[in-house]
Amino acid sequence: MTSNERGIFYHHDETLVKCPIPFDVFTSKTLVKLTLGTGLCIVKQEVYLPVLKSLFLYTVNFEDGDFSHLVLRGCPVLEELYIHRGGPHNLCHPTIKRITIHRSETHNFNTPNLVYLDYSDRLVNSGHFSANFLDSLLEARLDLFLPKDYSSEPWKVITCICNVQILHLSSNTVELMLKCFDHWDSNGGFPFFRNLVKLSFDCKTKKGWKVLWSLINNSPKLETLILKGPFCSIRRSCEDSIEGNVLKELKICGYEGTRRELFQVQRFLLELKFLQVMKVEVGAKKIDDDKKLKLTKDLL
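Please read these numbers as outputs of a predicted model, since none were measured by experiment.

**Student:** Which parts of the structure should I look at to understand the overall build of the protein chain?
**Tutor:** The number of helices and strands found in the protein chain is 7 helices and 16 strands. By the burial criterion, 44% of the 300 residues in the protein chain qualify as buried. Sequence separation of at least 24 residues holds for 53% of the intrachain contacts in the protein chain that already meet a minimum separation of 6. Of the accessible surface of the protein chain, which amounts to about 15500 Å², a share of 51% is contributed by carbon and sulfur atoms.

**Student:** Help me out: how do you make sense of the nonpolar core in this one?
**Tutor:** Considering soluble globular proteins, one finds that nonpolar side chains tend to be buried as a cluster. In this structure, F67, Y119, L199 and F201 are the most contacted members of the largest nonpolar core, which totals 72 residues. Sorting elements by how many residues they give to this core places helix α5 (residues 209-217) first, with 6 residues.

**Student:** Mind showing me how you'd approach the packing of aromatic side chains here?
**Tutor:** The geometry of an aromatic ring pair comes down to the distance between the two centres and the angle between the two planes. Per the counting criterion, the structure on display carries 11 aromatic pairs. For the pair W213 and F268, a centre-to-centre distance of 6.2 Å together with 50 degrees between the ring planes defines the contact as tilted. A residue pair is termed long-range when its members are at least 10 positions apart, and W213 in helix α5 and F268 in helix α6 (residues 259-271) qualify at 55 residues. With respect to burial, W213 and F268 carry one shared label: buried. Through a chain of ring-to-ring contacts, the aromatic side chains of F181, W184, F190 and F193 assemble into a single cluster. Lying over the aromatic face of Y116, R98 brings its terminal NZ or CZ to 4.0 Å of the ring centre. Lying across the ring of F181, K210 places its NZ or CZ 4.3 Å from the centre.

**Student:** Sorry if this is basic, but what is going on with α5 here?
**Tutor:** Because the α-helix completes a turn every 3.6 residues, residues three or four places apart line up on one side. Burial of α5 is extensive: 7 of the 9 residues sit out of reach of the surface. Of the residues making up α5, those classed as buried are W209, V211, L212, W213, S214, L215 and I216. Buried-residue contacts for α5 involve β12 (166-169), α3 (171-178), α4 (181-185), β13 (198-202), β14 (224-228) and α6.

**Student:** How do you make sense of the environment of V47 when you look at a structure like this?
**Tutor:** One can find V47 in the loop between β3 (33-43) and β4 (54-62). Among the residues examined, V47 registers a relative accessible area of 12% and is labelled buried. Setting aside chain neighbours within four positions, we find V47 in contact with F26, L70, V71, G74 and C75.

**Student:** It is not clear to me how a nonpolar patch on the surface should be interpreted in this structure. Could you clarify?
**Tutor:** Residues V32, V51 and V77 make up a contiguous nonpolar surface patch of about 190 Å² in total accessible area. As for its placement among the helices and strands, V51 is situated in the loop between β3 and β4. Residue class for V51 comes out partly exposed when judged on its relative accessible area of 33%.

Criteria and cut-off values
Residues numbered from 1 in each chain as written. Predicted model: local features only at pLDDT ≥ 70, side-chain atom pairs only at ≥ 80, totals over all residues. Heavy atoms only, no water. Helix = DSSP H or I, 4+ residues; strand = E, 2+ residues; numbered from the N terminus. Buried < 20%, exposed > 50% of the residue type's maximum accessible area, 1.4 Å probe, protein only. Contact = heavy atoms within 4.5 Å. Areas by Shrake-Rupley, 256 points an atom, 1.4 Å probe, with all protein chains shown as cover. Core = buried A, V, L, I, M, F, W, Y, C linked by side-chain atoms within 4.5 Å. Phe/Tyr/Trp six-rings, centres within 6.5 Å; stacked < 30°, edge-to-face > 60°. Lys NZ or Arg CZ within 6 Å of the ring centre and 35° of its normal. Patch = residues over 30% accessible without salt bridge, like charges linked within 9 Å, V, L, I, M, F, W, Y side chains within 5 Å. Salt bridge = Lys/Arg side-chain N within 4 Å of Asp/Glu carboxyl O.

Structure, rendered in structure tokens:
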């Protein structure tokens, strides 16, 4: 294969093998949805898909040039983009509304009309992270983690999503946010989530609950709270109170009925003055009917 060859190739035994996909796939005037994968490498391919709305890429790489330059600018009305591996990419597009990124080390989002972001990635170089969707983004689902020897600025990602209405945080993201407190403490405090109304919070570490109390106390419109992970790992001192909240719905997942868990539920009931609905899901451990009955009586 020479550098002047055009086409689509896939990886086989660490070599590139030509893949028989017709070139006119990338210049279709009627294609609305396109899915490509896996292990493809696209070389010097002209792209013009004037009505394409959804693009799904599974382990696809573009050998020559920037992804936005080669592909996105040829999709003028694109609204949905899914990328699983492949990259890193710089995403630049004026009409994209939904982006899902899984493990592609994408750190630059020039997407001013984005409303939904599902971002699962390793922040290798978050010091160069940039995004301009602060005013448009409504919902964010974050599963972010740092390498052990990281030298980055992970708080930049959190700053860019603090205007969302719906937020889903994985346990990895909670651990990442714990590493940001030194920066926040010396730079004006924890971010203010002025529009947040629904929070899904997954925590598997005792220290991670510091993030939860900070989020609740800095989200004046928060109405729905979903707690995932081992509920028994909740830790807070008497000073960790929930103040000025308007929470109306609380869902607890992974409840096992320990004394500590029951105490935390009682504290929530005392502090949540506007609570209307509380849902409790028992943990994955198998329990008999007598245990279920006891858990129910304790909660009542």
